[in-house]
Amino acid sequence: METKQKKSNKTNNNETLFQSNPQTSTHLESFLGGITVSSFIVIWLASASSPLIFALSLLRGYYHVASFVIIVTIISYLPWKRGRISNYVQRFVDTYHPSYYNGVSICFEGGEVPSSQHRQTFFAVHPHGAFCIGWALLFTSSIMHGVRFCFAPSLFASPFFRLFSRSVGRPGSAARSAMEDYLKNGEDVALPPGGFEEATLTCTTQDRVFIKKRYGFVRLCLKYGVAIRPVYVFGEGRLFGNVQGMWKTRLALNRWGIPTILVWGSWFFPLLPKKGVNLHIVVGKPLIVPKIDNPTKEEVIAWHEKYITELKRIYEEYKEVAYGNEDGKVAKLEVW
């Protein structure tokens, strides 16, 4: 399958830039991109409600539906490896998903693209957004095929999403024990550390990240001596509208694992992202941390502050590239 992705090296800034669909998609390609992203979101939502679907199908006598859920569950948990079919699905998603947007670009600072030769890395992706669209683009990208993308344990355990994610990328659980195993094994790991709280804060007119109290990933990286690369997805917040306000109550519910977003996207199908948005993903240069078997609270806080400083630097340096000179000059990042 021919891909529209191309690579260009910007030697003046020592960056590696991948661009997909620079505003040249046909109507068919855009339509296929819409099918791809809507499938991702629908599968995500169906997975969250799969226990309810199974229970209701049994109660109502829809045994064919219950049987389907059981079959999908069994397949999703079998120890199969990706083959021809899953590789085709991954290439299809990687090719056409970017075509839905006005443009997608992925910039690697320092020219460091993930490879078997680079230092073990933890990719911390912001912002979460309503449905982690930038995260999804990275997850299915051939550039990141060797990175373990960690999802919320409940989501990764759900059969529909587990099957889909195993077909298009390299998924894993964000449970602490699972992430420790990945890092022990020398794997690269990706995680959106802002979680539900960062999704709750999504806004089309104000960029926000929820990171001030997120120390866990820094502690893990110090324990195993893993470099941290902050990743910022410019344009993520502009894809879906979201009800604003009542932050204290909504964030409190998030701590119990309860999502509190009320979002809408395209006018003709609210689960589709808004059209006409450019996504510019910047993968920051590695923040090299020391290996400390038992890092103290003070050491964790110190490196966490350095991480936030790097994240802010990325935002300030690239906001005009991503949003244009006029919007970029006034854009500010709120750090919660």
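For the structure itself, look to the data block above.
Thresholds applied
Residues numbered from 1 in each chain as written. Predicted model: local features only at pLDDT ≥ 70, side-chain atom pairs only at ≥ 80, totals over all residues. Heavy atoms only, no water. 1 Å grid on protein atoms, 1.4 Å probe; cavity = no way out; pocket = protein on both sides within 12 Å on 5 of 7 lines; lining within 4 Å. Points joined across faces, edges and corners; volume = space filled by probe spheres on them. Helix = DSSP H or I, 4+ residues; strand = E, 2+ residues; numbered from the N terminus. Nonpolar A, V, L, I, M, F, W, Y, C, P; charged D, E, K, R; others polar. Phe/Tyr/Trp six-rings, centres within 6.5 Å; stacked < 30°, edge-to-face > 60°. Buried < 20%, exposed > 50% of the residue type's maximum accessible area, 1.4 Å probe, protein only. Disulfide = S-S within 2.5 Å. Pairing = 2+ DSSP bridges.

Chemist: Honestly, the layout of surface pockets in this entry has me stumped. Any pointers?
Modeler: Which parts of space are left empty comes out when a probe the size of a water molecule is rolled across the atoms. Here the largest pocket is characterised by a volume of approximately 1,100 Å³. Around the largest pocket, the lining is made up of 45 residues, and of these His128, Ala152, Pro153, Gly195 and Phe196 lie nearest the centre. Where the lining of the largest pocket is concerned, the elements lending two or more residues are helix 1 (27–48), helix 2 (50–59), strand 5 (147–151), helix 6 (153–157), helix 8 (176–184), helix 9 (195–200) and helix 10 (216–224). When its residues are assigned to classes, the lining of the largest pocket shows 30 nonpolar, eleven polar and four charged.

Chemist: Which parts of the structure should I look at to understand the packing of aromatic side chains?
Modeler: Geometrically, a pair of aromatic rings is defined through the distance of the ring centres and the angle of the planes. Applying the stated criterion across every chain yields a total of 22 aromatic pairs. Relative to phenylalanine 161, the ring of tryptophan 44 lies with its centre 6.2 Å away and its plane at 50°, an arrangement referred to as tilted. With tryptophan 44 in helix 1 and phenylalanine 161 in helix 7 (residues 159–168), this residue pair connects regions lying 117 residues apart in the sequence. For the pair shown, tryptophan 44 and phenylalanine 161 are each scored as buried.

Chemist: Quick question: what am I supposed to make of the state of the cysteines here?
Modeler: Any covalent bond linking the sulfur atoms of two cysteines counts as a disulfide. Considering all chains together, one arrives at zero disulfides under this definition. Looking at the unpaired cysteine 221, the closest cysteine sulfur is the one in cysteine 150, lying at 11 Å. The exposure class assigned to cysteine 221 is buried, which follows from its relative accessible area of 0%.

Chemist: Even after reading the chapter, I still don't get the pairing of strand 4 (residues 121–126), so can you show me in this structure?
Modeler: Moving residue by residue along a regular strand, the side chains alternate between the two faces of the sheet. Extensive coverage of strand 4 is indicated by the burial of six of its six residues. Because side chains alternate across strand 4, one face comprises the buried residues Thr121, Phe123 and Val125, and the other comprises Phe122, Ala124 and His126, equally buried. Summarising the sheet, strand 4 and strand 9 (residues 227–234) pair through six bridges and their orientation is parallel. By the bridge assignment for strand 9, phenylalanine 123 is matched with arginine 229. Where strand 4 lies against strand 7 (residues 188–191), three bridges are found, and the strand directions are parallel. The residue bridging phenylalanine 122 from the neighbouring strand is valine 189, located in strand 7.

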